[in-house]
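So you can see what is in the structure, the chains are spelled out below.
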Amino acid sequence: MATFGNLTDRLADTFKNLRGKGKLSEADVDGTVREIRRALLEADVALEVVKQFTGRVRERALGHEVSAALNPAQQVVQIVNDELVTILGGEARRIQFAKNPPTVIMLAGLQGAGKTTLAGKLSKWLAADGHTPLLVAADLQRPNAVTQLQVVAEQAGVAVFAPEPGNGKGDPVKVSKQAMKFAKDKQHDVVIIDTAGRLGVDAELMKQAANIRKAVDPDEVLFVIDAMIGQDAVTTARAFQEGVDFTGVVLSKLDGDARGGAALSVASITGRPIMFASTGEGLDDFEPFHPDRMASRILDLGDILTLIETAQKTFDEEESRKVAEKFATDTFTLDDFLQQMQQLKNMGSIKGMLGMLPGAKGMREQLDNFDESEITRTEAIIQSMTKQERTTPKLLNGSRRVRIARGSGTTVTEVNALVNRFEQAAKMMKTVAKGGVPQIPGMGPIPGGHGGKSSKKNQKKKGSKSGNPAKRAAEDAARAQGAVAPSAPSGSGFGLGGAKAPAGGPSPEELESLQKFLGR
Amino acid sequence: MAASWSLSGALKSMFARDTIDADTWNDLEDAMISADFGPDITESVIDELRASVAKFRTDDPADLKRMLRETLEERLARLDPTLTLSARPAVVLVVGVNGVGKTTTIGKFTKFLVGHGRSVVVGAADTFRAAAVEQLATWAERGGASIVRPQQQGQDPASVAFQTVERAQRDGIDIAIIDTAGRLQTKSGLMDELGKIRRVVEKQTEIAEVLLVLDATTGQNGVAQAEAFIQHAGVTGLVITKLDGSAKGGFVLAVQERTGIPIKLVGQGEGINDLTGFTPHVYVQGLIG
């Protein structure tokens, strides 16, 4: 049960009720606002933020812009999205570097928010940009925090300044001061100070943090906050704002399934921008925060942009161009199919990717049942074939199939299913590559507007990507691969099947509004 | 270290009124939501209170306050918070998401057990996070326990767990506590790893307790965390940490009711003695005043 899913699901449900109506009455709006309020509360948005938010939404929903609109429900979605983006900070801000290096960045936050890990990620990210960061171990409180920072620094390949062993000994203010001198001597242009975790109510430790701030006069003070935090986000954020007056916020543990509340609360209460998002335990799981994408995610319009970026990073362009050509010329073989699948796998968890797609809410349950090892099984089947068999699947007679099944530890039925689906996929991709709308054999009645939808989707991608035909074809192919699978009995074989198919399933309204957002 | 916000503070204005009116209910709802009880529990508690108020025909806010306390206490006390550590060795597995205070809790728990004359061995099965083993070693030393370390960086946590239990059996140590790496409940691979640790240990002996550590500052996501960990690790008890902050952890009531797993321990500070058993009465007292 994903908290975040609840928010989007609930909004979607509410709007479904509104959809049929030509005009919104005051009672309709009140009902919707109540649902939004509840949904936001369940997503851990702080109560006072919820109150302000719903107040504004209500006011605007009752105004002229909605009653005059053709589709009021869509208008409300638009308003909610606008307001979300406004609160989350519109544009993402970047780190302000000092005119005279070193630039000093201080990290502060509750215990367990992820400061030390973030220090490593931030330093690696900066180092990749050509900076020479220095990590400073000013968390002398938690047992072995200093050691952890040293290990993290080593992994990130950056320098660390840790004159004190920690574990309750040493003065963090003094360490920070010494670090400044050290950085100047050694020509480090960025200094990142990792401070101890502290509670907002701990006056003594807050004073210590303020003293560190005074001592080093940082250019940025980043407040690290756990995306899972509840109503307490408000109290904590206020305490830290008063205590150390942070300049920016980092949202950590965004890879979990809670991501709505804290971001909204903190940004709204303190007026400070959320600058970065931390999305995993690896040192590379770190990205600048995109308020507009976050808002779209809350509205379940999907995180298309991130998805595209991931896809672009992973798909080998040259490779994709070749494959696209193969589709068009009908020389697509099981080998290519295998490669495609491996590329997909590289893109990371398919579940994660699907979560970024619009309309994914309806498939969450399916996603939970989706077994990624199906891909591995498919791989095994293909790898158990001879070269010749892979290029000309027609060769596959009964005894060959038995051999393959034995070789891959599967059954003949599974091999059969894979071959069937491969043939369908190849046929369909050929159509797609030539720019047509796939007619999927064996898929049964296609739900209304399906074809139109997928073509619409393609247009959108074109719009957002300034036309790279090869990549586009590859993405189409990836999508087509997924789309074919519903024909598979109980989603085996391709593996992508049952789960990926509903990705094409957002209603036309959702797509329209999505288009609007992407068009901006 | 006085809490800057408390439910009692938020409720003060409400109880200062002469009679129970619409504002009273609104204030109560806001206060409960601010304490992270979540919309569902808040609604059901308020419905219950409304019924009681109607039944007893009272309009005195003092009565309402008493009823609120009784309701919450009763709900929290439905499950038995006692730890079962009678097996020898009693194996305790400690699980949770990242940064909730698993290692710190183990340190405090060790001290508590050693203080009661039990011998303890801790197993550093968090082989993933940088310096987690050293952090646990420091705590073990403070608490007076021995430690089983992984023989190499990134060793399979299940094998560390195995060795820990083995050591406890061989040396006749009363209690073996196993620290695991923090993992978000959405990472299926890591959750499976927990299942493996569990299976490996179960082959040696029964697991006495699987404690899920929850951070009091967590919001409604705590329920999702608990459900996932129950499914994969077979959690038998909850530990709430960081209750010394301004967060009141109201979501634990939702967790306890939704999952039927009792809260067993409460952590309220970074000192080694800041861990106590869970008593509904004390918890509610701290909440409402």
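Definitions and limits used
Residues numbered from 1 in each chain as written. Chains lettered and ligands numbered in written order. Predicted model: local features only at pLDDT ≥ 70, side-chain atom pairs only at ≥ 80, totals over all residues. Helix = DSSP H or I, 4+ residues; strand = E, 2+ residues; numbered from the N terminus. Buried ≥ 20, exposed ≤ 12 C-beta atoms within 10 Å, placed from the backbone. Contact = placed C-beta atoms within 7 Å. Pairing = 2+ DSSP bridges. Right-handed = clockwise from strand over helix to strand, strands pointing away. Axes fitted to C-alpha atoms, helices over the stretch in contact; angles between N-to-C directions. Core = buried A, V, L, I, M, F, W, Y, C linked by C-beta atoms within 7 Å. pLDDT = per-residue confidence, 0-100. UniProt positions renumbered as here; feature names shortened; annotations may be inferred. Expected span 1.5 Å × (residues − 1). Arc of directions from axis to C-beta.

## Quick word on the overall build of chain A
Phase 1: Along its length, chain A carries 25 helices and eight strands.
Phase 2: Within chain A, the fraction of its 520 residues that count as buried is 52%.
Phase 3: For chain A, contacts bridging at least 24 residues in sequence account for 75% of all contacts bridging at least 6.

## Topic: the interface of chain A and chain B
Phase 1: Contact residues are listed per partner, giving 39 residues for chain A and 38 residues for chain B.
Phase 2: When contributions to the side of chain A that touches chain B are tallied by element, the ones reaching two or more residues are helix 2 (26-42), helix 7 (145-156) and helix 10 (232-244) of chain A.

## What to know about the pairing of strand 7 (residues 263-267) of chain B
All names here are of chain B.
Phase 1: Most of strand 7 sits out of view: five of its five residues are buried.
Phase 2: As paired strands, strand 6 (residues 237-241) and strand 7 are joined by three bridges and run parallel to one another. Bridge pairing links Ile-240 to Val-266 in strand 7.
Phase 3: Taken together, strand 6, helix 10 (residues 251-259) and strand 7 form a β-α-β motif whose crossover is right-handed.
Phase 4: Sheet topology places strand 7 next to strand 8 (residues 275-277); three bridges connect them, and they run antiparallel. Looking across to strand 8, one finds that Leu-265 is bridged to Gly-277.

## Remarks on the sheet that holds strand 2 (residues 120-125) of chain B
All names here are of chain B.
Phase 1: Spatial strand order, 3-2-4-1-5-6-7-8: eight strands in an open sheet with mixed pairing. The open sheet has two edge strands, strand 3 (146-148) and strand 8, and neither has a second partner. Each neighbouring strand pair of the sheet contributes to a mean axis angle of 25°, computed without reference to strand direction.

## Topic: the environment of Lys-12 of chain B
Residue and element names in this part refer to chain B.
Phase 1: The residue Lys-12 is located in helix 1 (residues 7-16) in this model.
Phase 2: A tally of 13 C-beta atoms within 10 Å means that Lys-12 is categorised as partly exposed.
Phase 3: For the pair Lys-12 and Asp-27, spaced 15 residues apart in sequence, the C-alpha separation works out to 9.7 Å.

## Structural notes on the nonpolar core
Most often, soluble globular proteins have nonpolar side chains that are buried together.
Residue and element names in this part refer to chain A.
Phase 1: Counting 184 residues, the largest nonpolar core has Val-136, Val-191, Ile-193 and Leu-251 as its most contacted members.
Phase 2: By residue number, the principal contributor to this core is helix 7, which donates seven residues.
Phase 3: Sequence-distant contacts of Val-136, defined by excluding residues within four places in its chain, comprise Phe-161, Val-175, Ser-176, Ala-179, Val-191, Ile-192, Ile-193 and Asp-194.

## Some words on the confidence of the model for chain B
Phase 1: This prediction gives chain B a mean pLDDT of 87; 96% of its residues lie at or above 70.
Phase 2: On the interface metric, ipTM, the complex scores 0.79, and its pTM is 0.68.

## Remarks on the UniProt feature "domain: SRP54-type proteins GTP-binding" (unreviewed entry) in chain A
Phase 1: In this numbering, the UniProt entry assigns the feature "domain: SRP54-type proteins GTP-binding" (unreviewed entry) to residues 273-286 of chain A.
Phase 2: Taken end to end, residues 273-286 of chain A is 0% helix and 43% strand, and its two terminal C-alpha atoms sit 16 Å from one another.

## A look at helix 8 (residues 188-204) of chain B
Residue and element names in this part refer to chain B.
Phase 1: Over its 17 residues, helix 8 runs 25 Å from end to end, which matches the ideal 24 Å to within 8%, given 1.5 Å per residue.
Phase 2: Of the positions making up helix 8, those classed as buried are Glu-193, Leu-194, Ile-197, Arg-198 and Val-201. All buried residues of helix 8 lie within an arc of 140° about the axis, which places them on one face of the element. More than 90 degrees from the buried face of helix 8, the exposed residues found are Gly-189, Asp-192, Arg-199 and Lys-203.
Phase 3: In the core, the buried residues of helix 8 are packed alongside strand 1 (90-95), strand 2, helix 7 (157-171), strand 4 (175-180), strand 5 (207-215) and helix 9 (221-233).

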